[in-house]
Amino acid sequence: MPRLVQIGARRTRPPPRPGLEAYLPVSLDDARRRGWEQLDVVLVNGDAYVDHPTFGIPLIARLLASRGFKVGIVSQPRWDEASGLADFAACGRPRLFFGVSSGNMDSMVNHYTAGKKRRSSDAYTADAAPGRRPDYASAVYARKLKKLFPDVPIVLGGVEASLRRLAHYDYWSDRVRHSILVDCPADVLVYGMGEQPVLEVASRLAAGEDICGLTDVRGTAVKFRDDAEEGWRHLAGPRDREEIRLPSYEEIVADKSVYAEFSRLYHLEHNPDNARILIQQHGRELVYVNPPAPPPSTGLIDEEYELPFTRLPHPMYGEAKIPAWEQIRFSVTIMRGCAAGCSFCCITEHQGRDVVSRSEASVLREIESLRNVPGWTGVVSDIGGATANMWHMVCTDETWHARCRRASCVYPSVCEKFGTDHGPLIQLMRKARELPGVKRAFVASGIRYDVAFADEKHGDEYIRELVANHVGGHLKIAPEHISPGVVKVMKKPGKEMFVRFKELFEKYSTDAGKEQYLVPYFISGHPGCEVKDMVELSDYLAENGWRPQQVQDFTPTPMTLATDMYYSGFHPNTGKPVHIPKDADEKAMQRALLQPHLPQYRELARGARRIACAPAPPRRRVPRPGPAPAPSDSFED
């Protein structure tokens, strides 16, 4: 009997989920099924194992594997003694080294709110279950591994290690902590995005070098034992860079003005072309920080992002939901690094000030490959990165860049040497949405409207293209504040630029026949911000009919300029005192002024206005056209 033919649209069968063999080994048995008796490298990770290029450990693991190394991943190991530490031994003893990371976030930011309350969920864990990694996870993991495998080298990496490579103020313990190298038995710390230093470390160890000799790798820090004869100089070897002695741990603990000076000094050393070697003494230990690694080439990051990722969580999690993956599963990273250097942001400290971009062809190939991922509906959730509109924007003068020590290429104004041409990005966006099977291609990453305004040739066209074709009903934007004194401390563009962008957004939304909304993000309690500044911001929100659904109280994270202000009370760049909202009552009032419409904040907001001698809040001047949309990243606080 002939098969019945269904008349109508042809339905394609969804792609099958890949099997275990498509992932990297998660146990020694898993490795042996591939014919491997021993792994070369085992990476221990504080996040669930999601085989997606936006998750750091899987990216590094895939890159090492592409170079012929046998790599395994241990995710979220149990660290209590009752477990017998069996999870740490799941992949056996590696031939070369253990790599350790807390995951995509600092474990303390992951665990605690700005009010130091324990979070009830973890977006990087199956079913958002909390408590699957310890506080200060990188150091805890390193200690457990050294206990089990005392002779195996340990290489720290990831954002937690990167931002704690020197002495630093730790908000959660409210004290200055040592470099993480002093607090745990790691042999080498890789800072920054890490692919080039990790490849060099792995290759040199595979060639027979001892871990003690790997003291000269760019983008790494090591620890030496100090002595009067400076015997450590023999291990450090000859160098082609100047060394700078930072104030010691003991000195910055004893004097907050010295801490501010320490901050000023290390924030000068971010440019790989001219950064000096940093040395900081911690008692009888020296932390020796090599200059940053050169930014990876476009060819290398093209290769990385096109490695055979499944883009899915490991099958061991079954049908469990991992919120961080749900949000980015169909996103495409086009660039890394950020040239802005905002005071409160750690992206520059970790990813670097130099923007590193993928090629147009590589990005389009990745978007085309999304059709092979289960669950694909034709919607690219984000074409972006640290700053979505800095794609292929770099210094246009190599001689200038070799000397430059600016902490920001765009503040206080966009540098004349910084290339701001949005033309290639406009073409990429158009080509992305025209690919077969692509219904929509959104831009959900943050953008810098000041950079768009600096591009006199294509900036306006970019904003029009973005608003008309790449906004999913609402666009997240981060002015952070509108008070002149506060945005100056933040190193953000002023109110005038935000108002200009808002007007263009509304104009181009109307021209496109779309009802769309800006969703602005603001920070309360930032260094330099007083109650009167928050009243000014609160009034501006009221005048424009904005009732923020998500707000952020300033959270001091290690190594940012704003955190160093918060601890020391001084602006590192000027040495002058800065107002710090540390008092619990003042912080609560500042927070309340962002959402005075909520019942729990009304009385606090009224009290704040009385303290600032401010009149009653103004009436809305701009009519609200409709209900405000719910934010897409609802798992965040």
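A brief look at the structure comes next. (Residues numbered from 1 in each chain as written. Predicted model: local features only at pLDDT ≥ 70, side-chain atom pairs only at ≥ 80, totals over all residues. Heavy atoms only, no water.)

With that settled, consider the packing of helix H14 (residues 360-369) against helix H16 (residues 423-433). Between H14 and H16, whose axes approach to 10 Å, the crossing angle comes to 25°. Of the possible angle classes, the one that applies to H14 and H16 is roughly parallel. With respect to the hand of their crossing, H14 and H16 are arranged in right-handed fashion. Contacts between H14 and H16 involve Glu360, Val363, Leu364 and Ile367 from the former and Gln427, Leu428, Lys431 and Ala432 from the latter. Here the contact of H14 with H16 is composed, by residue class, of five nonpolar, one polar and two charged. (Axes fitted to C-alpha atoms, helices over the stretch in contact; angles between N-to-C directions. Helix = DSSP H or I, 4+ residues; strand = E, 2+ residues; numbered from the N terminus. Parallel < 35°, antiparallel > 145°, perpendicular 65-115°, else oblique. Left-handed = near helix turned anticlockwise from the far one by under 90°. Contact = heavy atoms within 4.5 Å. Nonpolar A, V, L, I, M, F, W, Y, C, P; charged D, E, K, R; others polar.)

Moving on, we get to the nonpolar core. If you look at the biggest cluster of nonpolar residues, it comprises 189 residues, and the most contacted ones within it are Leu156 and Met390. Those residues in contact with Met390 that sit more than four places away from it in its chain are Met335, Cys338, Ala339, Ala340, Val355, Ser357, Val410, Phe418, Arg448 and Val451. (Core = buried A, V, L, I, M, F, W, Y, C linked by side-chain atoms within 4.5 Å. Buried < 20%, exposed > 50% of the residue type's maximum accessible area, 1.4 Å probe, protein only.)

The tally for this structure, following the rule as stated, stands at zero disulfides. Left unpaired, Cys345 is separated from the closest cysteine sulfur, that of Cys346, by 5.5 Å. (Disulfide = S-S within 2.5 Å.)

Turning our attention to the pattern of salt bridges. Counted according to the given criterion, the structure contains 47 salt bridges. Glu269 serves as the salt-bridge partner of Arg405, at 3.0 Å between the closest nitrogen and oxygen. Note that Arg405 is positioned in the loop between helix H15 (398-403) and H16 and Glu269 in the loop between helix H10 (256-266) and strand S10 (277-282), a separation of 136 residues in sequence. For Glu269, a relative accessible area of 5% gives the class buried. Each of the salt bridges in this network shares a partner with another, and the network as a whole consists of Glu200, Arg204, Glu209 and Asp216. (Salt bridge = Lys/Arg side-chain N within 4 Å of Asp/Glu carboxyl O.)

Turning to the side chain of Asp564, a few remarks are in order. By the element assignment, Asp564 lies in helix H22 (residues 561-568). For the buried Asp564, no salt bridge exists, and the shortest N-O distance to an oppositely charged side chain is 11 Å, to Arg165. Within the structure, the side chain of Asp564 is placed 3.1 Å from the side chain of Tyr259, a separation counted as a polar contact. In this structure the side chain of Asp564 is engaged in a polar contact, spanning 2.7 Å, whose partner is the side chain of Tyr266. Sequence-distant contacts of Asp564, defined by excluding residues within four places in its chain, comprise Tyr259, Ser263, Tyr266, His267, Gly569, Phe570 and Pro572. (Lys, Arg positive; Asp, Glu negative; His and termini not counted. Polar contact = N/O pair within 3.5 Å; in protein donor to acceptor, adjacent residues only side chain to side chain.)

Okay, the side chain of Glu480 next. For Glu480, the location among the structural elements is in strand S17 (residues 474-480). One buried charge, Glu480, has no salt-bridge partner; the nearest side chain with opposite charge is Lys492, at 4.6 Å. In this view, Glu480 contacts Phe344, Met490, Lys492, Tyr521, Phe522 and Ile523; residues no more than four positions away in its chain are not counted.

On to the sheet that holds strand S12 (residues 331-336), then. Spatially, S13-S12-S15 is the arrangement adopted by the three strands of the open sheet, whose pairing is mixed. Both outer strands of the open sheet, strand S13 (356-357) and strand S15 (382-385), are each paired with one neighbouring strand and no more. The pairing of S12 with S13 spans two bridges and is classified as antiparallel. Its bridge partner being in S13, Met335 is matched across the sheet by Ser357. (Pairing = 2+ DSSP bridges.)

To continue, consider H10. Of the residues making up H10, those classed as buried are Tyr259, Ala260, Phe262, Ser263, Leu265 and Tyr266. Those residues of H10 that are buried lie in contact with strand S5 (168-170), strand S6 (175-177), strand S9 (243-245), helix H9 (249-254), S10 and H22.

For the structure on display, the rule yields 22 aromatic pairs. Ring geometry for Tyr449 against Phe453: centres 6.3 Å apart, planes inclined by 50°, an arrangement best described as tilted. Of the two residues, Tyr449 and Phe453 are both situated in helix H17 (residues 449-454); the distance of four residues between them amounts to about one turn of the helix. Following the ring pairs from residue to residue traces out a cluster consisting of Tyr169, Tyr171, Trp172, Tyr259, Phe262, Tyr266, Phe554, Tyr566 and Tyr567. Lying across the ring of Phe309, Arg62 places its NZ or CZ 5.9 Å from the centre. Over the aromatic face of Tyr566 sits the side chain of Lys582, whose NZ or CZ is 4.8 Å from the ring centroid. (Phe/Tyr/Trp six-rings, centres within 6.5 Å; stacked < 30°, edge-to-face > 60°. Lys NZ or Arg CZ within 6 Å of the ring centre and 35° of its normal.)

Viewed as axis vectors pointing N to C, helix H23 (residues 584-592) and helix H24 (residues 599-611) meet at an angle of 105°, and their least axial separation amounts to 8 Å. Relative to H24, the element H23 is oriented roughly perpendicular. Note on element contacts: H24 touches H23 through Tyr601, Leu604, Ala605, Gly607, Ala608 and Ile611, opposite Ala588, Met589, Arg591 and Ala592. In terms of residue class, the contact of H23 with H24 is made up of eight nonpolar, one polar and one charged.

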